[in-house]
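Below, each chain spelled out in residue letters.
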Amino acid sequence: MTAAGPTGWRCRVRSARAAAAVVWSTSPLLVAGLAVTSVAAGLILPASAWLQREVVDTLVGAHGPGQHVPVQHGLDSKLLLALVVALGVTGIAAAAVPQAQQYVQANLRRAVRVVVYDRVYQAEASWPGISRFESPEFADKLQLTGQLAQTTASDLTASLLGMTQAVVTTVTFLISLCLLSPVLAAAIVGAACLAIWASLVNADKQAELTFQNVIRSRRQQSYSSLLSNAAAAAEVRLFGLGAFLRGRILVEMNAISTSERKLDRRLLRVESCLGALSSAAVGGGLVWVVTRISASAFPVGDVSLFIMSALGLQGAMSQIAAGLGDISQAVTTFTAYTDVVDAPPDLPVPAQPRPVPPLRDKITVENVWFRYHPALPWVLRGVSLTLPAGTHLALVGRNGSGKSTLVKLLCRMYDPQRGCIRWDGTDIREFDPAMLRERMAGVFQDHMCYELTAAENIGVGDLAALDDRDAIRHAAELAGAAADIDRLPLGYDTMLSRIYMSGPRGQNAQTGVALSGGQRQRVAMARALIRANRDLLIVDEPMASLDAEAEHTTNQRLAQVRAGRTCVLISHRLPTIRAADNIVVLADGAVAEQGTHDELIAADGGYAYLFRLQAAGYRGALADDQVSAR
Ligand SMILES: Nc1ncnc2c1ncn2[C@@H]1O[C@H](COP(=O)(O)OP(=O)(O)OP(=O)(O)O)[C@@H](O)[C@H]1O
Ligand SMILES: [Mg+2]
C-alpha cells in the first residue's frame, strides 16, 4: 500500500494556495524582498543585452535595427561613456542581486521551517484520540510531511520567484527577438513549450515516485533506528541481528535507488531530446541572422542582441519549464502536509462541549463493543459495568482479554463502535476529551520514561507543578521512587537518559542515567500521583516490574492513595487487587464474572482458579497435576 497521492488539479490548486499562504503569512516583508530581487534579477540580462547592442552600434555608427547606414566618423564619446558605465552597473547588479536574493531566501526558508513544523506539531498535539498514530496511511503522510513540508513550502516560493525572474527575462528577450525575427521567436517558444509540457509530466512521475517510496523510506528508517537505538542495542547483539537489519535496509535502499534510476533515465532521454530541439532552433536562427548580415540586411549590433536574446530566451524558458515542474511536484507533495495540518479531529468533539463536573455518582460502561479497525476482530463484546464514585474497581483477565483497551476507552482515546460510557449519566462523547482527562490521573501499561530530568519526568504529570520541587518530592515518596532518585548523581536534576547529559554542558555536566524497569515504573507512578485530587485514578499493571518487597510497599502506599478515590486497577498479581470493591473478570472481551474477592472465591469460577494457582505458585504447595487437572 502507498500513501495516497493527490489527484486532480483542484487538489493541487488547493495545495498551492495553502503553500503560498504559509509562506506569505510567515513574512510578507521577506516575500516582497524576494519578489523585488527576482524582478531585478530578471531585468539584468535583457538590460545588458540592449546596452551591448547600443555600445556596438555606437562604435560602428549604426542607429537602429533595419537601418544600415555608413560608419560615422567621430564617436559620440559621452554617449559611449554613459553606455559603458550603465553596462558596468548591470555587471555589478548581476553579481550583487543573486547574493541578495540568496540571503533573503535563506531567511525566508528558516522562518517558513519554524512555521511549518509548528503547525504540524500543533495538529499532532490537538488530535483528541490515538487511532491516527496507528494508521499506516497517516504514518506515510506524517513521514512525507517531515520529509518535505519545510523544503517544499520554501522551495515552492523560490521556484515561484525564480519563475517571476524567468518570466521577466523571457518577456523582455521575446520583445527583442520579435523585433528581429518573429518566426525565430516562435520557434524557440514552441520548443520551450514542449519542454514545459515534458517537465510537468516528469514532475507528476517524480511526485508519484515520492509517494510510492514513502513506505520503503519508513521501513528503512525503522530498521536503521534499530541499529542506532540504545533500547534495541542489547537484543540486536544478543540475537546477532546486525547483518540481518543491514540487509533489510539495503533491500529498501536499493529498491528506492532502482525506481529513481528508472525515472532519471526517462528524464535524461526526454530532456536531451528537447534540449537538442531547442538548440537546433537557436542554431538555425543564428545561421539565418549571419546570412542576413552578409547580405547587409542587419546592422552589426543586432547580431550581439540576437545572440544574447536567443540564448537568454532559451535559458529563461528552460528555467520556466524546470520551475513549473518543481512547482507542480512541490504542490503535489505539499498535499501530504495539508492533509496532516487540516485533518479534522479523529474523534468527534462537540461544538459546544458540556463542562465535565466532578464525579459525584458513578461511571457506567453500557454494552460497549469495540474493535481497533473494521478488519480486526472485536476486542470488547458488550461490556457493561458500574464504577460507583469513591470505590475501587479491579479488572483482571488473561492476556489480550481487553483490560487495557477498556481503560483507553474510559480516557476516550477511542470511541466505542456500539454502546457508551457515562460520567454521572452524561455520555463522555459530549465532553471535550481534554477536559475529561483533566479529571483523571493514571499510569498506562506501556508508560513512558521521557528523556528529561527525574524532576521533569514526574512534573509533566501536572504541568502546573513542573517547578514545584516539594510536590514532585511528595509524589516520588508516595510512589516509592524518592530513595532511588536521591541516589542519582544530580538527584532530581539527573537526566533519565544515557544519550543526554544532565545539567549544563561543561564542568558540571554529568552523564544521564538509565533507570531499571522497576525504577521507571515507580517514576511513572509518581507522575500519576502528582495529579492530586483527580476524580478517577487508573493504574494498569503497576507492579509488573516491581520486586517482591517493592510490590508489598507499593501495595500499601497505593491503598493509602486510593482511599476515598475512584480507582480502576489492572493487575495480574491478584493479591494487589484483593481489596477492591468490585473485581471484574474479562474473558474474550466480555465480563465473565464480577464481585468482591470473597464472593468470587466462593463462586469458585475462573478468578478463584487463577487466585489458587498464584497462591500455589508462591507456596509451592500445589502439585502440578492438581493445577493441570483444571
Ligand atoms: N492498538 C491496537 N491495535 C489493534 N489491536 C490492538 C491494539 N491494542 C490492543 N490490541 C488487541 O486487542 C486485544 C486486547 O488487548 P489489550 O491490550 O486490551 O489486552 P489486555 O487485557 O490489556 O492484555 P494484557 O494482560 O496482556 O495487558 C489484543 O488481542 C490485542 O492484540
Ligand atoms: Mg494490558
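For clarity, every value in this text was computed on a predicted model and none was experimentally measured.

Undergrad: How do you make sense of the sheet that holds strand 10 (residues 566-570) when you look at a structure like this?
TA: Hydrogen bonds along the backbone pair up the strands of a sheet, which may run parallel or antiparallel. Read from one edge to the other, the open sheet built from 6 strands follows the order 6-9-10-3-11-12, with strand pairing classed as mixed. The open sheet is flanked by strand 6 (440-443) and strand 12 (590-595), the only strands paired with a single partner. In this sheet, adjacent strand axes meet at a mean angle of 15° when their direction is disregarded. In terms of strand pairing, strand 6 meets strand 9 (residues 536-540) through 4 bridges, oriented parallel.

Undergrad: Is there a simple way to explain the site of ligand 1 in this structure?
TA: In the vicinity of ligand 1 lie 13 residues, with Tyr372, Asn399, Lys403, Ser404 and Thr405 positioned nearest. It is helix 9 (residues 403-410) that provides the largest number of residues to the shell around ligand 1, a total of 3 residues. Of the residues in the shell around ligand 1, the class split is 3 nonpolar, 8 polar and 2 charged.

Undergrad: Just checking my understanding: could you explain the nonpolar core for this structure?
TA: Judged by nonpolar contacts, the single largest core of 64 residues is most densely connected at Leu395, Ile458, Ala475, Ala526, Leu529, Val568 and Ile583. In terms of residue count, the dominant contributor to this core is helix 14 (residues 517-529) (6 residues). Two domains each provide a minimum of three residues to this core, namely domain 2 (350-439 + 534-630) and domain 3 (448-532). Setting aside residues no more than four positions away along its own chain, alanine 475 makes contact with Ile458, Ala526, Leu529 and Ile530.

Undergrad: Would you mind going over the domain arrangement of the protein chain with me for this structure?
TA: How big an interface is tends to be expressed through the accessible area that disappears when the partners come together. We note that the domain assignment places domain 1 (11-341), domain 2 (350-439 + 534-630) and domain 3 (448-532) within the protein chain. One C-alpha centre belongs to domain 2, the other to domain 3, and the line joining them spans 28 Å. On the side of domain 3, 9 residues touch domain 2, which itself brings 12 residues to the contact. At 5 residues, helix 15 (residues 548-562) tops the list of elements feeding residues into the side of domain 2 that touches domain 3. Of the residues belonging to the side of domain 2 that touches domain 3, the class tally is 6 nonpolar, 3 polar and 3 charged.

Undergrad: Help me understand the pairing of strand 4 (residues 418-423), please; the structure alone is not making it clear to me.
TA: Consecutive side chains along a regular strand alternate between the two faces of the sheet. Bridge count between strand 1 (residues 362-370) and strand 4: 5 bridges; the pairing is antiparallel. Residue pairing for strand 4: isoleucine 363 is matched across the bridge by tryptophan 423. Here 2 bridges tie strand 4 to strand 5 (residues 426-427), and the two strands are oriented antiparallel to one another. Paired with tryptophan 423 across the bridge in strand 5 is threonine 426. Taken together, strand 4 and the strand that follows it, strand 5, pair antiparallel across an intervening segment of 2 residues, in which aspartate 424 is found at a positive phi of about 50°.

Undergrad: Quick question: what am I supposed to make of helix 3 (residues 77-126) here?
TA: Quick reminder: α-helices carry 3.6 residues per turn. Residues three or four places apart thus point the same way. Taking 1.5 Å of rise per residue, 50 residues should cover 74 Å, and helix 3 covers 72 Å from first to last C-alpha, within 8% of that figure. The principal kink in helix 3, of about 25°, is found at alanine 94, preceding the proline proline 98 by one to four residues. Taken together, the buried positions of helix 3 are Leu83, Thr90, Val97, Gln101, Val104, Gln105, Leu108, Val112 and Val116.

Undergrad: I tried to follow the sheet that holds strand 1 on my own but got confused; where do I start?
TA: What the 4 strands build is an open sheet, ordered 2-1-4-5; its pairing is antiparallel. Unpaired on one side and paired on the other, strand 2 (380-388) and strand 5 mark the two borders of the sheet.

Undergrad: Explanation requested: unusual backbone geometry in the structure shown.
TA: Where the residue is not glycine, phi is negative for most of them; where a peptide bond is considered, it is trans in most cases. Of note, aspartate 588 is a non-glycine position whose phi angle comes to about 50°, a positive value. The residue aspartate 588 is located in the loop between strand 11 (582-587) and strand 12 in this model. With 15 C-beta atoms counted inside 10 Å, the residue aspartate 588 sits in the partly exposed group. We note that aspartate 604 has phi near 55°; this positive angle belongs to a residue other than glycine. Here aspartate 604 lies in the loop between helix 17 (597-603) and helix 18 (606-619). With 10 C-beta atoms packed within 10 Å, aspartate 604 lands in the exposed category.

Basis of the calculations
- Residues numbered from 1 in each chain as written.
- Chains lettered and ligands numbered in written order.
- Predicted model: local features only at pLDDT ≥ 70, side-chain atom pairs only at ≥ 80, totals over all residues.
- Pairing = 2+ DSSP bridges.
- Helix = DSSP H or I, 4+ residues; strand = E, 2+ residues; numbered from the N terminus.
- Axes fitted to C-alpha atoms, helices over the stretch in contact; angles between N-to-C directions.
- Near = placed C-beta within 6 Å.
- Nonpolar A, V, L, I, M, F, W, Y, C, P; charged D, E, K, R; others polar.
- Core = buried A, V, L, I, M, F, W, Y, C linked by C-beta atoms within 7 Å.
- Buried ≥ 20, exposed ≤ 12 C-beta atoms within 10 Å, placed from the backbone.
- Domains from an automatic or database assignment.
- Contact = placed C-beta atoms within 7 Å.
- Expected span 1.5 Å × (residues − 1).
- Bend = angle between axes of the 7 residues up to and from the residue.

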